[in-house]
Amino acid sequence: MENKIFALVDCNNFFASCERVFNPALKNKPVVVLSNNDGCVIARSNEAKALGIEMGAPIFKCQDLIRRHHVHVYSSNFVLYGDMSRRVMNTLAQCTPQMEVYSIDEAFLSLDGFKQEGLFDYVRSIRVKVYLNTGLPVSIGVAPTKTLAKIANRIAKKQASTGGVFCLTEEEDINHWLKTIDVGDVWGIGHEKTKDLKRHGIDNAYGLKVADDEWIKKHLSIVSLKTVWELRGISCLPIEEMVPDKKSIATTRSFGREVQTLDELKEAIAAYVSKAAEKLRDQASVCGYLQVFVNSNPFKGQNYYSNSAGVLLSPPTAYTGKLIEAGHRLLEGIYRPEFSYKKAGVFLMNLQPEAVEQGDLFEEAYHNSRRQRLMRTVDAYNRRLANHGGIFMAAEGIIQPWYMNQTHKSKRFTTRWDELLEISI
DNA sequence: TCTGGGGTCCTAGGACCC
DNA sequence: TCTGGGGTCCTAGGACCC
C-alpha cells in the first residue's frame, strides 16, 4: 500500500498578516486584530506576541502595553480576510488534486504518491507560490497523518531555522519531536483532557502515542483513540473534500452599548435573523426550528439576566419575513424591561434541503413559492451589488444605534471599488 | 468605560417502553 | 427484610476546534 502524505498549510498570524499586506508600514511592527465589537485580541503579529500580549486578552487590559510599544490595533475586517482566504485556497488548489479547506486560514493537502526526494522542494515551492500570489506568509507541515502534520506545522512555525516548512516522516525523528510537544498542544486534546492526562503522568505527545488503548478509550473517548493512532502514524482522519451542509446556523453579536428598549432589540433580532437566513439560503436549506436569546452583561456581576426561547416552524422556511416575525414573538416572550441587554442572537436549527421539505396542511411550502423567488432575487441582487447595504428588511433598522463598535477598521481593499488601496508616489 | 463568534460531535441522564 | 433489566430516543451541556 502506498504511504499517505498530508501537508497542513497554515497562514501565519492570518488576520494580522492580511492587514500587513495592504499596509507595508506595518512590517516588523507589532500588530493586533480585535474581535467583533473591539473586545478581545484574536490575532497578533510575532512582534505583538513577543510583547506578551495574550491571545483572547480583553483589549482594555492591554491598553498600557499598546501605548508604550506603539502597537497597531485593527478591528476585525472579515470581508477582507474572507477574500484573502479565498485567494490562498485557490492557489493551494492548483498544487494538489485533493485538498480540504479546514478553516479560514488552514488547508490539508494530500501529497500521496510523492517521492521522498522531491517532496521537500515541492512543498517549499508551494510556500513561495502562496506568498507571490497573495503576499501572505504560510507555514507547512508534512507528515503521514493529519495529526502529525499539525505537529510538523507547529515546528515549522516555531523554529525559524526550518524556513517555514517541516517534514516529519521518519519514525525516529517523529519520536524525538513528539517528546518536545506538550500533550495539550496535540490537535484534539483540549484543556480538560490535558488535565486528565497529566494527572496520569502523560505530559507530552510521545507519552500519548505510547499510551494504552483501553485506558484512552475509558478515560478520554473513542475520538481521542483516533488521535493516539494518528500519532503512531496510522491515518484515521481522511481528507474531507466535500463541505457538508451546516446542521445549524447562528448569528450572535454583542452590542456596541447596552440596549434597553424592546424596539431596539427587535431591530437587532431582525438584522441577525436576516443574516442567518442568508447563510441558510446559500446552502439551499430551510429551517424547522428558530431560537432566540438575549442576555445582559455577564461581567457586571449583579442583576444578570439571560433567557432563550424557540419555536418549531411548520412548514420549514427560509423566508426572512416569516423568520423575523417568529423571532419577534419569541423575543417578546423573554424580554424583561427592567434589564439592559449586552448581547443577543438567533439560531436556525432542524435544517433540511429545501427541495425535500415536508408539506403542511394549512400553509404553502417555501420551495417553489413566490417567497422563494423573492428571496432569490434579493440574494442575487445583494451578491452582485453588495454596495452600501443592498436590499434589507425595514425591521432591521437604518441607524442601528446598537451596532457593534469597530473603531479601527481597515478598508475592504479587495472587494470594493471605492475602497481600493491608494498609492502616492 | 472596555471581556468575540460560529461550528461539530460526544456523553450522561431522564423519559419512556416492554 | 426483600422491590428487575434492558433497550431506545431525546436533550442539555460539555469539550473541542478555528
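**As for the overall build of chain A**
If you tally the helices and strands in chain A, you get 14 helices and 12 strands. Relative to the compact-globule value of 22 Å for 425 residues, chain A shows a C-alpha radius of gyration of 24 Å, a close match. When the 425 residues of chain A are sorted by exposure, 46% land in the buried category. Within the structure as shown, chain A displays about 22,600 Å² of accessible surface, and the carbon and sulfur contribution to it stands at 53%. Of the side-chain charges in chain A, 54 are positive and 49 negative, and the distance between the mean point of each set is 3 Å.

**Side note on the protein's contact with DNA strand C**
Close to DNA strand C lie 13 residues; S103, E106, K150, G188 and K193 are nearest. Those atoms of DNA strand C that come within 4 Å of the protein belong to sugar or phosphate at a rate of 100%. S103 places a polar side-chain atom, nitrogen or oxygen, 2.9 Å from a sugar or linking oxygen of DNA strand C. At a separation of 3.1 Å, a phosphate oxygen of DNA strand C approaches a polar backbone atom of I189. When contributions to the surface near DNA strand C are tallied by element, the ones reaching two or more residues are strand 5 (99-103) and helix 8 (191-199).

**Things to note about helix 13 (residues 320-334)**
The terminal C-alpha atoms of helix 13, which comprises 15 residues, lie 21 Å apart, in line with the 21 Å expected from a rise of 1.5 Å per residue. The element helix 13 is largely enclosed, with a buried count of 11 among its 15 residues. Taken as a whole, helix 13 has its buried residues at T320, G321, K322, L323, I324, A326, G327, H328, L330, L331 and I334. In this structure, the buried residues of helix 13 make contact with helix 12 (262-282), strand 10 (285-295), strand 11 (306-317), strand 12 (341-353) and helix 14 (370-385).

**Describing the protein's contact with DNA strand B**
Taken together, 21 residues surround DNA strand B, and among them S35, A250, T252, R253 and S254 come closest. Backbone sugar and phosphate groups make up 73% of those atoms of DNA strand B lying within 4 Å of the protein. Within the side chain of R253, one N or O atom sits 2.9 Å away from a phosphate oxygen of DNA strand B. Elements with a contribution of two residues or more to the surface near DNA strand B: strand 9 (249-259) and strand 12. When its residues are assigned to classes, the surface near DNA strand B shows seven nonpolar, eight polar and six charged.

**Things to note about the nonpolar core**
Membership of the largest hydrophobic core comes to 38 residues, with the highest contact counts inside it found for F255, Y272, Y341, V346 and L348. Here the element with the most residues in this core is helix 12; it accounts for 10 residues. Among all residues touching V346, those that are not within four sequence positions of it are I249, A250, T251, T252, I269, Y272, V273, A276, L290, Q291 and V292. If you look at the next biggest cluster of nonpolar residues, it comprises 36 residues, including Y81, L92, L136 and F413.

**Things to note about the domain arrangement of chain A**
According to the domain assignment, chain A contains domain 1 (7-166), domain 2 (170-244) and domain 3 (249-396). Here the C-alpha centroids of domain 1 and domain 2 sit 24 Å apart. For the domain 1 face of the interface with domain 2, the top three residues by lost area are K146, T147 and I151, together amounting to 30%. Scanning the region where domain 1 abuts domain 2 turns up one salt bridge. Measuring nitrogen to oxygen at the nearest pair gives 3.1 Å for the salt bridge that ties R154 to D185. Taken together, the connections running from domain 1 to domain 2 amount to eight residue pairs in polar contact (both at pLDDT 80 or more). Counting residues per element, the ones that place at least two in the side of domain 1 that touches domain 2 are strand 5, strand 6 (106-110) and helix 6 (146-158). Broken down by element, the residue count for the side of domain 1 that touches domain 2 peaks at seven residues, all from helix 6. Here the residues of the side of domain 1 that touches domain 2 sort into 10 nonpolar, five polar and four charged.

**Section: the pattern of salt bridges**
In this structure the tally under the stated criterion is 23 salt bridges. E47 serves as the salt-bridge partner of R20, at 2.9 Å between the closest nitrogen and oxygen. Remark: E47 occurs in helix 2 (residues 46-50) and R20 occurs in helix 1 (residues 14-21); sequence separation between them is 27 residues. Judged by relative accessible area, R20 falls into the partly exposed class, the value being 23%. By relative accessible area, E47 is classed as partly exposed at 25%. In this structure, the salt-bridge partner of K300 is E258, at a minimum N-O distance of 3.3 Å. Highlighted residues: K300 in the loop between strand 10 and strand 11 and E258 in strand 9, separated in sequence by 42 residues. In this structure K300 comes out as exposed when scored by relative accessible area, which is 51%. Exposure remark for E258: the relative accessible area of 26% places this residue in the partly exposed category. A cluster of three or more residues bridged by salt bridges with shared partners is formed by D83, R86 and R87.

**Some points on the environment of V228**
With respect to the helices and strands, V228 occurs in helix 11 (residues 222-231). For V228, a relative accessible area of 0% translates into the label buried. The sequence separation of V228 and C167 amounts to 61 residues, and the corresponding C-alpha distance is 19 Å. Residue contacts for V228: discarding those within four places in its chain leaves L208, K209 and I216.

Rules used throughout
- Throughout, residues of each chain are indexed from 1 in the direction in which the sequence is written.
- Working convention: letters from A go to chains and numbers from 1 go to ligands, in the order in which they are written.
- Per-residue local features are limited, in this predicted model, to residues with pLDDT of at least 70; the limit for side-chain atom pairs, both in listing and counting, is 80 or more; totals at the level of whole chains, interfaces and linings are taken over all residues.
- Side-chain metrics rest on all non-hydrogen atoms present in the structure, leaving aside hydrogens and water.
- By definition, any uninterrupted DSSP run of H or I lasting at least four residues is a helix, any uninterrupted run of E lasting at least two residues is a strand, and each is numbered from the N terminus.
- C-alpha atoms define the radius of gyration in this analysis, and the globule rule sets the expected value at 2.2 Å times the number of residues to the power 0.38.
- Only protein chains enter the accessibility calculation, which uses a 1.4 Å probe; a residue is then buried when its area is under 20% of its type maximum, exposed when over 50%, and partly exposed in between.
- The method behind every accessible area is Shrake-Rupley, applied with a 1.4 Å probe, and residues are considered shielded solely by the protein chains displayed.
- Under the convention used here, Asp and Glu are negative, Lys and Arg are positive, and both His and the chain ends fall outside the count.
- Lysine's charge is taken at NZ, arginine's at CZ, aspartate's at CG and glutamate's at CD.
- Note on terminology: near, applied to a residue and a molecule or strand, indicates that one of the residue's heavy atoms is within 4 Å of it.
- Within 3.5 Å is the distance limit for a polar contact, defined as a pair of N or O atoms, with the added protein rule that one can donate a hydrogen and the other accept it, and that residues adjacent in sequence qualify only through two side-chain atoms.
- Every helix has an expected span of 1.5 Å times one less than the residues it contains.
- Pairs of residues are marked as contacts when any of their non-hydrogen atoms sit within 4.5 Å.
- Ten residues, namely Ala, Val, Leu, Ile, Met, Phe, Trp, Tyr, Cys and Pro, are considered nonpolar, four, namely Asp, Glu, Lys and Arg, are considered charged, and the remaining ones, Gly among them, are considered polar.
- What is meant by a nonpolar core is a set of buried Ala, Val, Leu, Ile, Met, Phe, Trp, Tyr and Cys residues, joined one to another through side-chain atoms within 4.5 Å.
- For the domains described, the bounds stem from an automatic or database domain assignment.
- Note on terms: buried area is the combined drop in 1.4 Å-probe accessible area of two parts once they are placed together, counting the loss on both.
- We count a salt bridge whenever a side-chain nitrogen from Lys or Arg sits within 4 Å of a carboxyl oxygen from Asp or Glu.

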